[in-house]
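Read off the chains here:
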Amino acid sequence: MASHRVTPALQRVLFTWQHVAWKSRCCAVASHAKYSTVYDPAEKVHVKMADEAVCVGPAPTNKSYLNMDAILEAARQTGAQAVHPGYGFLSENKEFARRLAAHGVTFIGPDTHAIQAMGDKIESKLIAKKAKVNTIPGFDGVVKDAEEAVRIAGEIGYPVMIKASAGGGGKGMRIAWNDEETREGFRFSSQEAASSFGDDRLLIEKFIDNPRHIEIQVLADKHGNALWLNERECSIQRRNQKVVEEAPSTFLDPETRCAMGEQAVSLAKAVQYSSAGTVEFLVDSKKNFYFLEMNTRLQVEHPITECITGLDLVQQMIRVAKGYPLQHRQADIPINGWAIESRVYAEDPYKSFGLPSIGRLSQYQEPVNIPAVRVDSGIQEGSDISIYYDPMISKLVTYGSTRAEALQRMEEALDNYVIRGVTHNIPLLREIITHPRFVSGDISTKFLQEVYPEGFKGHQLSDSERWELLATAVALFVAAQLRSQRFLGNLRVSSSQQEQRRWELSVELEKGVHAVTVSRSGSTYAVDLDGKRVDVSSEWNLASALLPVTVNGTQRTVQCLSRSASGEIDLQYLGTSYKLRVLSKLAAALNKHMPEKVPEDTSSILRSPMPGSVVAVSVKAGDTVAEGQEICVIEAMKMQNSMTAAKTAKVKSVHCNAGDTVGEGDLLVELE
């Protein structure tokens, strides 16, 4: 895989990358050509490879990473000759590029003309049409208000996509299927656009139902040369944000790939583009493709292009910014192998495919010991995941000579990724990359909704997998008991009888109770379960976060997330966490007499499903609300979420106000 190198001519470069797990203070960085591995432990993780770090403000982005004055001052203090803006915050801000130029600092990216032209979705669509790029039918202007949005949507024909003109990253986007959804979408999209981009202008275009989202990476210099570096398949999305990407796409044939690439280059040349950029397309089932937008920056998913082409895109951006011509011709750009990227988020995948989670990483271990695995992250064990930034923990990339090889490595990498302290989306990622539809390449932007129409529920165990899991939990329970009886390799009570080698136990999973018999021979446990015999062997290193086991000859890597003295075991198996309970035969008999906890009546209360801030409260005590009526709006990591009533009732009490910060599970409103 490519490594990032800085040319000798650029001795000092200021990087203001977007990272996702920074603590309460933020920094900009100046770096020399050679990275230093010696750093002050007091410095933040995202700058530990830098030679210098300059604080640019407190955690809120408008006071730090969106604060141009602070970043310009950091560049002045360090004597930086250039700024690489990363892939967020000011990376597509023409005013920032202009101000850098006014101070004699090079912006590592395109010039202000290209940023403005492609950053405005309305203008970019007009330019694309002129450059003979296929475009989506829609309204070529700014939508003034909700009622005009309804009128325009009616003229175009439902469904329509409401989008922020200055937007990107899935923010400020809503799909509307009727007039009511158009009004609501206009409100939320304009609010998100203003919050994320400082520009609430919206446009409306025809929504292409059930398409693929495929993008073309382009690279251009200041001498009129431009290349397309093949495609990235980005169809696996939730809330218009990418989750899994791969390069190349299973869907494109060479002719379609070439046509898309040539149109992407045509658009880049139309705006005198110079740097790395991405032209995004929607592709229908008949391989008709339509221009969506151009991102005038480095994409989050750029590593998979680096894997299959061998080009270091960051190095190429720095070369272009310095004024060097491209080193390659179009015929030189290969497709070597296959690369897949999984976006590992601090999110709860069981809530709308991923609502943000915050907390401290109490344990963190990346699977970098596996060959052909790359992990791009800005955090380490002990880092805080806060409400101020995108919830992405890392970009997990695997490479293989074939797609099957890359997928197998991704599966192994996800099983070996240790993340404790925050809820994460590894269960969803693993299910996606092993699902038969994904493996066969039968995907679209509706993949998650179609595969999980009732929402994501985790891995659904087959009978053989259930036996594997139950047997593993029982073997782990016995191994832990035996370990607790020893100290420095000897039995704690020297006068005790010979070690026990046979156990009669009970194991419970999802309210199913199974009587089991376990016998031990060395490091292997034979588990008799429901008339089946399952052999489980391992080194049983219970202090390790990862537990490699062999179950009836099949090798697995499981993680024991927690164990309690009462026999409760939480195991991560095939990516999903399962709560089991292992008891002795006597304890299981007595446990039947224990009272069960009565679940909370959630129809009369509204709790926050995620940490965030309250944007608006629409009700007060004494109001009568209808089922589905909006009660309040919670903003988490720049995304706004409407909280609605579960039933028709009178509001008993309101426990939040606009501007409040709330945690996951906090009580918002009570109904009678």
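A quick note: this is a predicted structure, and the numbers were derived from the prediction, not measured.

**Student:** I tried to follow the sheet that holds strand β37 (residues 639–644) on my own but got confused; where do I start?
**Tutor:** The strands making up a sheet are joined through hydrogen bonds of the backbone, oriented either antiparallel or parallel. The four strands lie next to each other as β37-β36-β34-β39, forming an open sheet whose pairing is antiparallel. Whereas interior strands pair on both sides, the edge strands pair on one side only; in this sheet they are β37 and β39 (661–662). Pairing geometry for strand β34 (residues 612–617) and β39, over two bridges, is antiparallel. Bridging from a neighbouring strand, G612 pairs with V662 of β39.

**Student:** So what exactly am I meant to see when it comes to the confidence of the model for the protein here?
**Tutor:** Should the pLDDT be low somewhere, the predicted coordinates at that spot are not to be read in detail. Across the protein, the average pLDDT comes to 88, with 90% of residues at or above 70. Within the model, the stretch residues 1–13 combines pLDDT values under 50 with 43 contacts to residues more than four positions away or in other chains. For residues 15–41, every residue scores under 50 in pLDDT, and the model assigns this stretch 101 contacts once sequence neighbours within four places are set aside.

**Student:** Whenever I open this one, the packing of helix α3 (residues 112–119) against helix α4 (residues 121–130) confuses me. Can you help?
**Tutor:** When two helices pack together, their arrangement is given by the angle between the helix axes and the distance between those axes. Two elements in contact, α3 and α4, have axes separated by 5 Å at closest approach and are oriented at 95°. Looking at the two axes, α3 sits roughly perpendicular to α4. Every residue of α4 that contacts α3 at Q116, A117, M118 and G119 is listed here: K121, E123, S124 and I127.

**Student:** I would appreciate a short explanation of the sheet that holds strand β38 (residues 649–654) in the present structure.
**Tutor:** Strand order in the open sheet formed by four strands is β33-β40-β38-β35, and the pairing between neighbours is antiparallel. Each having just a single partner strand, β33 (605–607) and β35 (624–625) make up the two edges of the open sheet. Relative to strand β40 (residues 667–671), β33 is paired through three bridges, and the arrangement is antiparallel. Bridging across to β40, R607 finds its partner in L667.

**Student:** I keep staring at the packing of aromatic side chains and nothing clicks. Help me out?
**Tutor:** What describes a pair of aromatic rings is the distance from one ring centre to the other and the angle between the planes of the rings. Under the definition given, this model contains 13 aromatic pairs. With centroids separated by 5.5 Å and ring planes inclined at 90°, the aromatic side chains of F281 and F289 adopt a geometry described as edge-to-face. Taken together, the aromatic side chains of Y65, F89, Y388 and Y389 make up a single cluster linked through ring pairs.

**Student:** When you look at helix α7 (residues 254–270) in this model, what are you seeing that I'm missing?
**Tutor:** Since one α-helical turn is 3.6 residues long, residues separated by three or four positions face the same way. Along its 17 residues, α7 runs 24 Å from first to last C-alpha, staying within 8% of the 24 Å computed at 1.5 Å per residue. By the burial criterion, the buried members of α7 are T256, R257, M260, G261, Q263, A264, V265, L267 and A268. On its buried side, α7 packs onto α3, α4, β9 (212–220), β10 (226–238), β12 (275–283) and β13 (289–295). With a side-chain oxygen positioned 3.1 Å from the backbone nitrogen of E255, the residue opening α7 is D253. In the stretch just after α7, Q272 is the one whose phi turns positive, near 50°.

**Student:** How do you make sense of the side chain of E215 when you look at a structure like this?
**Tutor:** Tracing the backbone shows E215 in strand β9. For E215, the side chain forms a polar contact with the side chain of R232, separated by 2.7 Å. A polar atom in the side chain of E215 sits 2.8 Å from the side chain of K242. Every residue in contact with E215, bar those within four places of it in the chain, is listed here: N230, E231, R232, C234, K242, T278, V279, E280, F281, Q299 and E301.

Criteria and thresholds
Residues numbered from 1 in each chain as written. Predicted model: local features only at pLDDT ≥ 70, side-chain atom pairs only at ≥ 80, totals over all residues. Heavy atoms only, no water. Pairing = 2+ DSSP bridges. Helix = DSSP H or I, 4+ residues; strand = E, 2+ residues; numbered from the N terminus. pLDDT = per-residue confidence, 0-100. Contact = heavy atoms within 4.5 Å. Axes fitted to C-alpha atoms, helices over the stretch in contact; angles between N-to-C directions. Parallel < 35°, antiparallel > 145°, perpendicular 65-115°, else oblique. Phe/Tyr/Trp six-rings, centres within 6.5 Å; stacked < 30°, edge-to-face > 60°. Expected span 1.5 Å × (residues − 1). Buried < 20%, exposed > 50% of the residue type's maximum accessible area, 1.4 Å probe, protein only. Polar contact = N/O pair within 3.5 Å; in protein donor to acceptor, adjacent residues only side chain to side chain.

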